[in-house]
Amino acid sequence: MKKYQIIFVLILIVGYSYGQGFKQLDFKKQTFELHNVTGEVIKFQGKKVLKLERDLEALPFDEQNLEATVDDRHYARLIDIDDFENGTIEVKMYSQLQDPAPYPGIAGFIGVYFRIAEDDSGWESIYVRPKVGRATNQRLRNHTVQYFSYPDFKFDTLRKIAPFEYEGSAPVALNEWITMRIEVNGESAEMFVNDLKYSSFVVDKMLGKTKKGYVGLYVDVGTIGYFKDLKVTQKACKEVEDNSEKINDI
């Protein structure tokens, strides 16, 4: 076999193993590709929803090595859009805890990935930990919302290099529907919850190298996640004026 023929065959094999190796689910008019999650369309509270759980056999979790084995390639990819850069992502999501818990630190991790590279090599994310959203302890509440950028800036790294800059609070809870809306514009992102007028969380400067890509629905260890009404609207990047008061000291 000639050299170019061997290369062509290898390309076909790699392309098949990546592009066809993931189960796909049709949910209403959208198609999702399951990356290291299990999923099914079920009837929940009288309506059809997409149910997702992290597949711990496909992508193992190590309690002794959290940084390396969470916030990873476990999500459902919306294959309808592959060039999301700026715009709005809105979804309704409902988080339950698995029982028995696979890990004592589970908190209902659920949220959104965006600007996902074709080969899963990078993306941006905002997710919530609903278990602590209404905790009586303010320190715990401050861990409710999390931004991270894969692969270099996962949650633990960000806590060490910029404590609480990429985390925040939001009035969310387990076992109830949460409407999450993320407004992505250039290097910044804002998260709104439950149709509140003002955002609950702001990422001043995202850290990822991937500037456009897919959108995905995320769950992590110990979460049973239900999703519905995902809407993705692409928009042009717009210049934003800083109209806030200058704060010299607080």
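Residues numbered from 1 in each chain as written. Predicted model: local features only at pLDDT ≥ 70, side-chain atom pairs only at ≥ 80, totals over all residues. Heavy atoms only, no water.

**Student:** Before we move on, can you summarise the nonpolar core with the specific residues and values?
**Tutor:** Counting residues in hydrophobic clusters, the biggest one holds 59 residues, and the most contacted among them are Leu52, Phe114, Ile126, Ile182, Met191 and Phe227. The contact partners of Ile182, leaving out residues within four places of it in the chain, are Gly87, Thr88, Ile89, Val112, Phe114, Ile126, Ala189, Glu190 and Met191. Within the second largest apolar cluster, 6 residues are counted, among which are Ile42, Val49, Ile224 and Tyr226. (Core = buried A, V, L, I, M, F, W, Y, C linked by side-chain atoms within 4.5 Å. Buried < 20%, exposed > 50% of the residue type's maximum accessible area, 1.4 Å probe, protein only. Contact = heavy atoms within 4.5 Å.)

**Student:** Can you explain the sheet that holds strand S5 (residues 75-78)? Please cite residues and give values.
**Tutor:** Here 8 strands make up an open sheet; going across it, the order is S1-S2-S5-S14-S7-S8-S9-S10 and the pairing antiparallel. If you trace the sheet from one side to the other, it starts and ends with strand S1 (24-27) and strand S10 (167-168), each paired once. (Pairing = 2+ DSSP bridges. Helix = DSSP H or I, 4+ residues; strand = E, 2+ residues; numbered from the N terminus.)

**Student:** Help me get a handle on the packing of aromatic side chains, residues and values and all.
**Tutor:** Under the definition given, this model contains 16 aromatic pairs. Centroid distance Phe44 to Tyr226: 4.0 Å. Interplanar angle 5°. Geometry classified as stacked. Highlighted residues: Phe44 in strand S3 (residues 37-44) and Tyr226 in strand S15 (residues 223-234), separated in sequence by 182 residues. Considered together, Phe44 and Tyr226 belong to a single accessibility category, that of buried residues. Consider the rings of Tyr147 and Tyr166, whose centres lie 5.3 Å apart with planes at 35°: the pair is tilted. Highlighted residues: Tyr147 in strand S9 (residues 145-150) and Tyr166 in the loop between helix H4 (155-161) and S10, separated in sequence by 19 residues. Through pairs of rings, three or more aromatic residues link up here, namely Tyr75, Phe109, Tyr113, Trp123, Tyr127, Phe148, Tyr150 and Tyr218. The lysine or arginine in question, Arg181, covers the ring of Phe192, its NZ or CZ lying 4.0 Å from the ring centre. (Phe/Tyr/Trp six-rings, centres within 6.5 Å; stacked < 30°, edge-to-face > 60°. Lys NZ or Arg CZ within 6 Å of the ring centre and 35° of its normal.)

**Student:** Quick one: what's the story with the sheet that holds strand S12 (residues 188-193), residue by residue and with numbers?
**Tutor:** Read from one edge to the other, the open sheet built from 7 strands follows the order S3-S4-S15-S6-S11-S12-S13, with strand pairing classed as antiparallel. With partners counted over all chains shown, the strands left at the sheet margins are S3 and strand S13 (201-203), one partner each. Going across the sheet, the axis of each strand differs from the next one's by a mean of 25°, ignoring polarity. Of the pairings in the sheet, the one linking strand S6 (residues 87-97) to strand S11 (residues 177-185) comprises 8 bridges and is antiparallel in character. Looking at S11, one finds that Lys92 is bridged to Thr179. (Axes fitted to C-alpha atoms, helices over the stretch in contact; angles between N-to-C directions.)

**Student:** An account of the pattern of salt bridges is needed here, citing residue identities and associated values.
**Tutor:** Charged atoms that come close allow side chains of opposite charge to pair. Taken as a whole and judged by the stated rule, the model has 16 salt bridges. Of the charged contacts, one joins Glu187 and Lys205 as a salt bridge, the two residues approaching to 2.8 Å between their closest N and O atoms. Of this pair, Glu187 sits in the loop between S11 and S12 while Lys205 is found in the loop between S13 and strand S14 (214-219), placing the two residues 18 residues apart along the sequence. A cluster of three or more residues bridged by salt bridges with shared partners is formed by Glu33, Arg77 and Asp120. (Salt bridge = Lys/Arg side-chain N within 4 Å of Asp/Glu carboxyl O.)

**Student:** Can you explain a negative patch on the surface? Please cite residues and give values.
**Tutor:** A surface patch of negative charge is lined by Asp82, Asp83, Glu118 and Asp119. With respect to the helices and strands, the residue Asp83 is situated in the loop between S5 and S6. (Patch = residues over 30% accessible without salt bridge, like charges linked within 9 Å, V, L, I, M, F, W, Y side chains within 5 Å. Areas by Shrake-Rupley, 256 points an atom, 1.4 Å probe, with all protein chains shown as cover. Lys, Arg positive; Asp, Glu negative; His and termini not counted. Charge placed at Lys NZ, Arg CZ, Asp CG, Glu CD.)

**Student:** Account for a positive patch on the surface, with residues named and values stated.
**Tutor:** Side chains of Lys28, Lys43, Lys47 and Lys48 sit close together on the surface and give a patch of like positive charge. Secondary-structure assignment places Lys48 in strand S4 (residues 47-54).

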